[in-house]
Amino acid sequence: MPTRPSSPESTPPSASMTVPSPTPGSPEGVTLVITERVHPEQVDAYEAWARGVHDLLDAHPGFQGLHVLRDRTAPLPEYITLLRFESQAALDAWRHSERYQLALRELPRFTATEVHYREAAGLEAWFDRPPGVRPPSFWKNVVVGFIGVYPLILLFSRLAAPFTVGWPWWAAIIPSAFLATVFLNWPVLPLLSRWLRGWLYPRQG
């Protein structure tokens, strides 16, 4: 479960419209991680607004997909949205698009605290922590990664075995390694990050 959010009055509503600055050093293929805490009475309106923004994303060049982690049981319902783009240029184009800017004007009436943005690459996105919460220990990240990847390697090694008979050992593991990497990114780590959220980010005073 996420840490207890600050009170709605702690952040001016205008802060919710903060747009993250570009990161020149971001590698090709980036994920924008957005953390929003919503007024409980605005949850339905916020989700309707978010669906409209997601519809706009579908038509944006370079957009690859999204995933939303919801926690509606918190005092302030929390939404963590991961938007995947094929390049930094595609993300920057979306960030500064007129349609997104227009949509952002409506966001402050839904959010109770400042919206947190972060860019990440690869698996790093799934270990992004909520604002104000200490990152999980290195060993916890290792455990989550192992829990995710080990069953995948076993599964895909077994499935690929009939097709790799006679291949050199280093080549025989390529299909299972590739498939395990794909499924680890989607959907295994998203699910594990949700199921183990309370363990990764225990409530802190």
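Residues numbered from 1 in each chain as written. Predicted model: local features only at pLDDT ≥ 70, side-chain atom pairs only at ≥ 80, totals over all residues. Heavy atoms only, no water.

Trainee: A description of a nonpolar patch on the surface should follow, citing residues and the corresponding values.
Mentor: A cluster of nonpolar residues, Phe146, Ile147, Tyr150 and Leu154, forms a patch on the protein surface that exposes about 410 Å² of accessible area. Within the element layout of this structure, Leu154 appears in helix α4 (residues 138-160). (Patch = residues over 30% accessible without salt bridge, like charges linked within 9 Å, V, L, I, M, F, W, Y side chains within 5 Å. Areas by Shrake-Rupley, 256 points an atom, 1.4 Å probe, with all protein chains shown as cover. Salt bridge = Lys/Arg side-chain N within 4 Å of Asp/Glu carboxyl O. Helix = DSSP H or I, 4+ residues; strand = E, 2+ residues; numbered from the N terminus.)

Trainee: Give a detailed account of the nonpolar core, specifying residues and quantitative values.
Mentor: Membership of the largest hydrophobic core comes to 25 residues, with the highest contact counts inside it found for Tyr46, Trp49, Leu83, Phe85, Trp94, Leu107 and Tyr117. Elements with a contribution of two residues or more to this core: β1 (30-37), α1 (43-58), β2 (63-71), β3 (78-85), α2 (88-95) and α3 (98-104). Ranked by residue count, the leading element in this core is α1, at six residues. Phe156, Leu192, Leu200 and Tyr201 belong to the second-largest nonpolar core, a separate cluster that totals 10 residues. (Core = buried A, V, L, I, M, F, W, Y, C linked by side-chain atoms within 4.5 Å. Buried < 20%, exposed > 50% of the residue type's maximum accessible area, 1.4 Å probe, protein only.)

Trainee: Tell me about the environment of Thr81, and name the residues and values.
Mentor: Following the sequence through the fold, Thr81 ends up in strand β3. Once you skip the residues sitting within four places of it in the chain, Thr81 turns out to touch Leu32, Val33, Ile34, Glu36, His54, His67 and Val68. (Contact = heavy atoms within 4.5 Å.)

Trainee: Tell me about the packing of α4 against helix α6 (residues 174-195), residues and numbers included.
Mentor: For the pair α4 and α6, the least separation of the axes is 8 Å and the interaxial angle reads 140°. Considering the angle they form, α4 stands oblique to α6. Crossing handedness for the pair α4 and α6: right-handed. Seen from α4, the contacting residues are Val144, Gly145, Ile147, Gly148, Val149, Leu152, Ile153, Phe156, Ser157 and Ala160; seen from α6, they are Pro175, Ser176, Leu179, Ala180, Phe183, Leu184, Val188, Leu189 and Leu192. Class assignment for the residues of the contact of α4 with α6 results in 15 nonpolar, four polar and no charged. (Axes fitted to C-alpha atoms, helices over the stretch in contact; angles between N-to-C directions. Parallel < 35°, antiparallel > 145°, perpendicular 65-115°, else oblique. Left-handed = near helix turned anticlockwise from the far one by under 90°. Nonpolar A, V, L, I, M, F, W, Y, C, P; charged D, E, K, R; others polar.)

Trainee: I'd like to hear about α2, residue by residue, with values.
Mentor: Most of α2 sits inside the fold, with six of its eight residues counted as buried. Among all positions in α2, only Gln88, Ala90, Leu91, Asp92, Trp94 and Arg95 are buried. Looking at the buried residues of α2, the elements they touch are β1, α1, β3, α3 and β4 (116-120).

Trainee: Please set out the sheet that holds β1 residue by residue, giving values where relevant.
Mentor: Spatially, β2-β3-β1-β4 is the arrangement adopted by the four strands of the open sheet, whose pairing is antiparallel. Only two strands of the sheet have a single partner each, and these edge strands are β2 and β4. The average undirected angle you get between the axes of adjacent strands in this sheet is 15°. Sheet analysis places β1 next to β3, joined by eight bridges and oriented antiparallel. (Pairing = 2+ DSSP bridges.)

Trainee: Describe in detail the pairing of β1, supporting the description with residues and values.
Mentor: For a regular strand, side-chain orientation follows a simple rule: the groups alternate between the two sheet faces. Across the eight residues that make up β1, a large majority, eight, are buried. What you see with β1 is no split at all: Val30, Leu32, Ile34 and Glu36 on one side and Thr31, Val33, Thr35 and Arg37 on the other are buried throughout. The sheet contact formed by β1 and β4 spans five bridges and is antiparallel. Counterpart to Leu32 in the pairing with β4 is Glu119.

Trainee: Please set out the environment of Thr73 residue by residue, giving values where relevant.
Mentor: Topologically, Thr73 is positioned in the loop between β2 and β3. Each C-alpha atom, one on Thr73 and one on Pro40, is 9.7 Å from the other, the two residues being 33 residues apart in sequence. Polar contacts involving the side chain of Thr73 include one to the side chain of Asp71, which spans 2.6 Å. (Polar contact = N/O pair within 3.5 Å; in protein donor to acceptor, adjacent residues only side chain to side chain.)

Trainee: Describe the packing of aromatic side chains, naming the residues involved and giving the relevant values.
Mentor: Counting across every chain of the model gives nine aromatic pairs. Ring centres of Trp49 and Phe110 lie 6.0 Å apart, and the angle between their planes is 45°; this geometry places the pair in the tilted category. In this pair, Trp49 is assigned in helix α1 and Phe110 in the loop between α3 and β4, connecting sequence segments 61 residues apart. Comparing Trp49 with Phe110, the two get one shared label, buried. Here the aromatic rings of Trp94 and Tyr100 are separated by 4.7 Å at their centres, their planes lie at 25°, and the arrangement is stacked. With a relative accessible area of 1%, Trp94 lands in the buried category. The ring of Trp199 carries Lys140 above its face, with NZ or CZ at 4.9 Å from the centroid. (Phe/Tyr/Trp six-rings, centres within 6.5 Å; stacked < 30°, edge-to-face > 60°. Lys NZ or Arg CZ within 6 Å of the ring centre and 35° of its normal.)

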